[in-house]
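Topology and contacts: notes
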Amino acid sequence: MHFFEYKGKELYAEDVPVRVLTAKYGTPLYIYSCRTIERHFRAYDEAYKAFPHIICYALKANTNGAILRVLAKNGGGADIVSGGELYRALQAGIPSDKIVYAGVGKTEEEIRFALTTGILMFNVESEDELREIDRVAGTMKKKAPIALRINPDIDPQTHPYISTGLKENKFGIAIGHALEDYRLASGLKHIKVVGVHKHIGSQITKLSPFVDAMKRILDLVDELKRRKFDIRYLDIGGGLGIPYLDEAPPEPGDLAKGLLPLVDGRKITLVMEPGRSIVGNAGILVTKTLYLKRGGGKDYVIVDAGMNDLMRPSLYGAYHHIIPVVKNRRGKITADVVGPICESGDFLAKRRHIEKVNRGEYLAVMSAGAYGMSMSSNYNSRPAAAEVMVKGRTHSLIRKRGTYEDLVKDEQVPGYLR
Ligand code: LLP
């Protein structure tokens with residue numbers, strides 16, 4: 001569910017015609033709907049209201065400070081994977097005691113930063129990391145709160161690049177080793193065991209992998225509690241999918257209905273880490289048609305957004321709807337929608353049946369709010385796209401378009417070249 005809809009021939013972002021936004025801010029342009037973000041966050045909050053819970057938005061999906069502030073205002077926490085994300089979360093006013101920190105390669109500097117700010121817990125991914133956190137906490141005379149990220153060996157039935165809960169993935173600690181590693185953790189002087197964490201993958205469109213993983217992880221939680229480990233938090237990760245094409249993933253409410261009966265009766269706080277399902281459908285990428293071209297028996301629509309702006313089609317073969325900003329009823333063509341980057345892999349869609357467009361007309365790439373801007377780059381020396389947030393009739397620039405100066409501002413010229 002989102003607030004990008006046609007009114008007559010025109011695509012609107014909430015109550016603002018997208019045409020108005022492209023005229024004011026240019027393209028490529030990311031547009032986010034504030035009400036959609038709020039709605040998705042509240043859907044989670046409502047669904048779990050009968051049980052103690054913290055919704056830790058996964059920053060990696062989209063780190064824009066305006067989005068983080070919307071979530072912070074609604075009581076959200078953060079799931080982070082780097083010092084940079086911790087910095088952004090704190091800047092946006094997310095309280096440190098609602099921040100959980102995952103990732104297989106935390107550096108000493110990042111661990112120190114997290115300990116200084118007093119996060120809720122580290123989601124630890126290996127024995128080595130556990131020992132390192134213990135050591136760093138020791139030098140700071142602190143005790144680090146931790147959960148172990150347990151890999152439950154469940155197939156999330158999603159794209160292999162975004163599957164994380166199988167035993168062959170690099171993430172977490174094998175469930176068979178869990179007890180041993182919890183014992184190790186409890187013996188470390190500067191570690192305080194407070195939770196269990198799992199996250200099995202992303203863009204999961206079925207309920208069953210969540211339910212199966214939950215059952216496995218609850219067996220472990222119960223076993224740990226029997227052994228007197230003080231497990232207060234069960235972090236069930238993120239991963240709920242969104243409709244890109246014709247998927248019909250469960251909604252947060254369906255997920256809660258599947259999971260809450262399983263945890264019922266336990267004295268525990270549920271932590272969850274949704275990313276895509278909060279912001280995915282709350283954002284679109286608007287791009288201008290630069291040229292039309294025919295070659296090799298194919299039609300190409302060449303647009304001003306490339307794989308550097310939205311990498312998902314190139315990297316995962318991901319599907320995003322592409323629709324006209326103003327409907328023209330000129331009939332349809334089948335075309336590759338491609339960007340200006342010098343790579344054959346630079347496409348937004350292949351062999352796509354879309355409405356005919358003319359040069360200078362605008363297209364909206366839908367469901368681009370998650371892993372769009374956050375995975376973008378300056379490849380081919382393309383300045384970063386601008387980002388706008390719409391709420392009702394108001395629209396605000398939340399990140400100004402990058403400039404040529406930005407591209408070179410951090411570079412330095414060695415003395416022998418001056
Ligand atoms: N928690 C952890 C530990 C994660 O690794 C992730 C995502 C999340 C939560 C949030 O998952 P979500 O609710 O967004 O599914 N770039 C890929 C997605 C990579 C996901 C990485 N981890 C894409 O564009 O599809």
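Residues numbered from 1 in each chain as written. Predicted model: local features only at pLDDT ≥ 70, side-chain atom pairs only at ≥ 80, totals over all residues. Heavy atoms only, no water.

Summed over the entire model, instances satisfying the criterion amount to three aromatic pairs. Note on Y30 and Y32: the rings are 6.2 Å apart at their centroids and 10° apart in plane angle, and the pair reads as stacked. Y32 carries the same exposure label as Y30, and that label is buried. With 5.9 Å between their ring centres and 70° between their planes, Y182 and F229 make a pair best called edge-to-face. Within this pair, whereas Y182 is found in helix α7 (residues 178-187), its partner F229 is found in the loop between α8 (208-226) and β12 (233-235), the two being separated by 47 residues in sequence. The same class applies to Y182 and to F229, which are both buried. The residue whose ring lies beneath K106 is Y101, and the NZ or CZ to ring-centre distance is 5.3 Å. Of note, K350 hangs over the ring of F347, and the distance from its end group to the ring centre comes to 4.6 Å. (Phe/Tyr/Trp six-rings, centres within 6.5 Å; stacked < 30°, edge-to-face > 60°. Buried < 20%, exposed > 50% of the residue type's maximum accessible area, 1.4 Å probe, protein only. Helix = DSSP H or I, 4+ residues; strand = E, 2+ residues; numbered from the N terminus. Lys NZ or Arg CZ within 6 Å of the ring centre and 35° of its normal.)

Bringing a nonpolar patch on the surface into the picture now. A cluster of nonpolar residues, V413, Y416 and L417, forms a patch on the protein surface that exposes about 390 Å² of accessible area. Position of Y416 relative to the elements: it lies in the segment after α12 (404-408). (Patch = residues over 30% accessible without salt bridge, like charges linked within 9 Å, V, L, I, M, F, W, Y side chains within 5 Å. Areas by Shrake-Rupley, 256 points an atom, 1.4 Å probe, with all protein chains shown as cover. Salt bridge = Lys/Arg side-chain N within 4 Å of Asp/Glu carboxyl O.)

Take the side chain of N123 next. Position of N123 among the secondary structure elements: in strand β8 (residues 121-124). Looking at N123, its side chain comes within polar contact range of the side chain of E273, at 3.4 Å. When sequence neighbours within four positions are dropped, the list of residues in contact with N123 reads V100, Y101, A102, G103, K106, E129, A147, H197, D235 and E273. (Polar contact = N/O pair within 3.5 Å; in protein donor to acceptor, adjacent residues only side chain to side chain. Contact = heavy atoms within 4.5 Å.)

One widely used convention gives an interface's size as the accessible area the parts lose upon coming together. When cut into domains, the protein chain gives domain 1 (4-32 + 280-408) and domain 2 (103-272). Computed from C-alpha atoms alone, the centre-to-centre distance between domain 1 and domain 2 is 36 Å. Counting residues at the interface gives ten residues for domain 1, matched by eight residues for domain 2. For the pairing of domain 1 and domain 2, the buried interface totals around 820 Å² over both sides, and the portion due to carbon and sulfur atoms is 60%. When the area that domain 1 buries against domain 2 is broken down by residue, the three leading residues are N281, Y316 and Y319, summing to 52%. Here domain 1 is connected to domain 2 by zero salt bridges. (Domains from an automatic or database assignment. Buried area = accessible area lost by both parts, 1.4 Å probe.)

Between helix α6 (residues 127-139) and α7, the least distance of the axes is 11 Å, while the angle of their chain directions is 10°. Classified by the angle their axes make, α6 and α7 are roughly parallel. Side by side, α6 and α7 meet where E127, L130 and R131 of the first sit next to D181, L184 and A185 of the second. Taken together, the residues of the contact of α6 with α7 break down into three nonpolar, no polar and three charged. (Axes fitted to C-alpha atoms, helices over the stretch in contact; angles between N-to-C directions. Parallel < 35°, antiparallel > 145°, perpendicular 65-115°, else oblique. Nonpolar A, V, L, I, M, F, W, Y, C, P; charged D, E, K, R; others polar.)

Right, let's talk about the site of the ligand for a bit. In the neighbourhood of the ligand, 18 residues make up the surrounding shell, with S202, E273, R312, Y316 and Y371 lying closest. The side chain of S202 places a nitrogen or oxygen atom 2.4 Å from an oxygen atom of the ligand. Within the contact set of the ligand, an oxygen atom lies 2.8 Å away from a backbone nitrogen or oxygen of R276. Here the ligand has 590 Å² of accessible area as a free molecule, and 92% of this is covered by the chains. Residue composition of the shell around the ligand, grouped by class: six nonpolar, six polar and six charged. Two domains each provide a minimum of three residues to the shell around the ligand, namely domain 1 (4-32 + 280-408) and domain 2 (103-272). (Near = heavy atom within 4 Å.)

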